[in-house]
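Residue strings, one per chain:
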Amino acid sequence: ISRYIGEKVLVFISFFISESVVKNLISMLKLSFPNYEFRLKKINQKRFIFDDIRKKYIELTPEEWVRQNCLRFLEKEKKFKKALISVEKKIQLNNTTKRFDILAHDINGNCILLVECKAPNIRISQKSFDQILSYNNVINAKYLMVTNGIIHYYCKVNKDQNKIDFLKEIPSNK
């Protein structure tokens, strides 16, 4: 399936499905990741995407589309091994259970990269950074990535100076 659909095709499709569905579809298609192939299926009017890490189909939401593209980016472009990546796992934070989006480890089990994914229509704000930093107080990853699929922020955690340094890109895994 092509990630980009021509405007005429979208206009044609819009006659058969609601405007909100078309907007949702557009938001899932135009991301600033390379073009990747995915296994998709539809059950009872819901769309699903196969997650190679979790080894199952997941309901395809705009945030899940970003997460799956980010996973492929980390694997294909940044050379992180699938076996060392965790997706949507629970953590305890201030007596509440939270879920991180993506966490990559090195071969020794150290947390290398924590990723927070947002839907493409969600603006990345200070709240997004506060969220990933609070998760990282528990996880202690060396690098952070916050993305909505269109805009990506990469950071290196500097624990000694209690700050994060913004990077142009996340380093490739070695």
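These remarks concern the structure in this document. Remember, it's a predicted structure, so these values are computed and weren't measured experimentally.

Take the sheet that holds strand β4 (residues 85-87) next. Strand order across the open sheet formed by 6 strands is β4-β7-β8-β9-β10-β11, with mixed pairing between neighbours. Of all the strands in the sheet, the pair left with one neighbour each is β4 and β11 (163-167). Sheet twist, expressed as the mean angle between neighbouring strand axes with direction ignored, is 20 degrees. As judged from the 4 bridges shared by strand β7 (residues 102-105) and strand β8 (residues 111-117), these two strands associate in the antiparallel manner. Bridging across to β8, Ala104 finds its partner in Leu113. Across the sheet, helix α3 (residues 62-77) is in contact with β4, β7, β8, β9 (143-147) and β10 (152-158); its angle to β8 comes to roughly 150 degrees.

All right, on to the environment of Ala83 then. Here Ala83 lies in the loop between α3 and β4. The spatial distance from the C-alpha of Ala83 to the C-alpha of Asp52 is 10.0 Å, given a sequence separation of 31 residues.

Glancing now at the environment of Leu31. Checked against the element boundaries, Leu31 lands in the loop between α2 (19-29) and β1 (40-43). Distance from Leu31 to Pro120, taken between C-alpha atoms, is 7.7 Å for residues 89 residues apart in sequence.

With that settled, consider the sheet that holds β1. The sheet built from 3 strands is open, its strands ordered β1-β2-β3 with antiparallel pairing. Only two strands of the sheet have a single partner each, and these edge strands are β1 and β3 (56-59). Looking at each pair of strands side by side, their axes are set apart by 40 degrees on average, direction ignored. Where strand β2 (residues 46-51) and β3 come together, 4 bridges link them in antiparallel fashion. Paired with Phe50 across the strands is Tyr57, a residue of β3.

Grouped together as the largest cluster of nonpolar side chains are 25 residues, with contacts concentrated most on Cys70, Leu74, Ile102, Leu113, Val115 and Met145. Broken down by secondary-structure element, the contributors of at least two residues to this core are α3, β4, β7, β8 and β9. Counting residues per element, this core draws most heavily on α3, which supplies 6 residues. Residues contacting Leu113, with those up to four places away along its chain left out, are Leu74, Phe80, Ile102, Leu103, Ala104, Ala141, Tyr143, Leu144, Met145 and Ile170. The next biggest cluster of nonpolar side chains, apart from the first, holds 16 residues, and it includes Ile124, Tyr135, Val146 and Cys155.

Quick look at helix α4 (residues 126-139) now. Between the first and last C-alpha of α4 there are 20 Å, a value that for 14 residues agrees with the 20 Å anticipated at 1.5 Å per step. Every buried residue belonging to α4 is among Ser128, Phe129, Ile132, Tyr135, Asn136 and Ile139, and all of these are buried. For α4, the buried positions fall inside an angular range of 130 degrees around the axis, keeping them on one side. Opposite its buried face, α4 presents the exposed residues Gln126, Lys127 and Asn137, each directed more than 90 degrees away.

The next subject is the packing of aromatic side chains. Scanning the model with the defined rule gives 6 aromatic pairs in all. Relative to Phe166, the ring of Phe129 has its centre 5.7 Å away and its plane inclined at 70 degrees; by these criteria the two rings are edge-to-face. With a gap of 37 residues between them, Phe129 in helix α4 and Phe166 in strand β11 connect regions that are remote in the sequence. By relative accessible area, which is 52% here, Phe166 ends up exposed. An aromatic cluster is defined as three or more aromatic residues linked by ring pairs; in this entry it consists of Phe129, Tyr153 and Phe166. Over the ring of Phe50 we find Arg39, and its NZ or CZ is 3.8 Å from the ring centre.

How each quantity is defined
Residues numbered from 1 in each chain as written. Predicted model: local features only at pLDDT ≥ 70, side-chain atom pairs only at ≥ 80, totals over all residues. Heavy atoms only, no water. Pairing = 2+ DSSP bridges. Helix = DSSP H or I, 4+ residues; strand = E, 2+ residues; numbered from the N terminus. Axes fitted to C-alpha atoms, helices over the stretch in contact; angles between N-to-C directions. Contact = heavy atoms within 4.5 Å. Core = buried A, V, L, I, M, F, W, Y, C linked by side-chain atoms within 4.5 Å. Buried < 20%, exposed > 50% of the residue type's maximum accessible area, 1.4 Å probe, protein only. Expected span 1.5 Å × (residues − 1). Arc of directions from axis to C-beta. Phe/Tyr/Trp six-rings, centres within 6.5 Å; stacked < 30°, edge-to-face > 60°. Lys NZ or Arg CZ within 6 Å of the ring centre and 35° of its normal.

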